[in-house]
Amino acid sequence: MINVAVVTSSMPATGITLPFVSYGGNALWLFMGSAGIMLNISRQSITAQTQ
């Protein structure tokens, strides 16, 4: 799918950042921490709705 999108120019061939890999350093910890917090919030809201 990605190869077809790049060949048809509907998606750029370069410049796509991967937030968990490309930045590294402190940004990696920030992204991982924020993703964990958001997952925790979403899990708690789902269990609160079922009770």
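Residues numbered from 1 in each chain as written. Predicted model: local features only at pLDDT ≥ 70, side-chain atom pairs only at ≥ 80, totals over all residues. Heavy atoms only, no water.

Visitor: Please provide a residue-by-residue account of the overall build of the protein, values included.
Guide: Each helix and strand counted, the protein has two helices and zero strands in total. By residue count, 2% of the 51 residues in the protein fall in the buried class. Just so you have it, the protein exposes about 4,600 Å², and 68% of that area is on carbon and sulfur atoms. (Helix = DSSP H or I, 4+ residues; strand = E, 2+ residues; numbered from the N terminus. Buried < 20%, exposed > 50% of the residue type's maximum accessible area, 1.4 Å probe, protein only. Areas by Shrake-Rupley, 256 points an atom, 1.4 Å probe, with all protein chains shown as cover.)

Visitor: How would you explain unusual backbone geometry if you had to name every residue and give the values?
Guide: For serine 9, which is not a glycine, the phi torsion comes out positive at approximately 65 degrees. Relative to the assigned elements, serine 9 resides in the loop between helix H1 (2–7) and helix H2 (25–50). By relative accessible area, serine 9 is classed as exposed at 63%.

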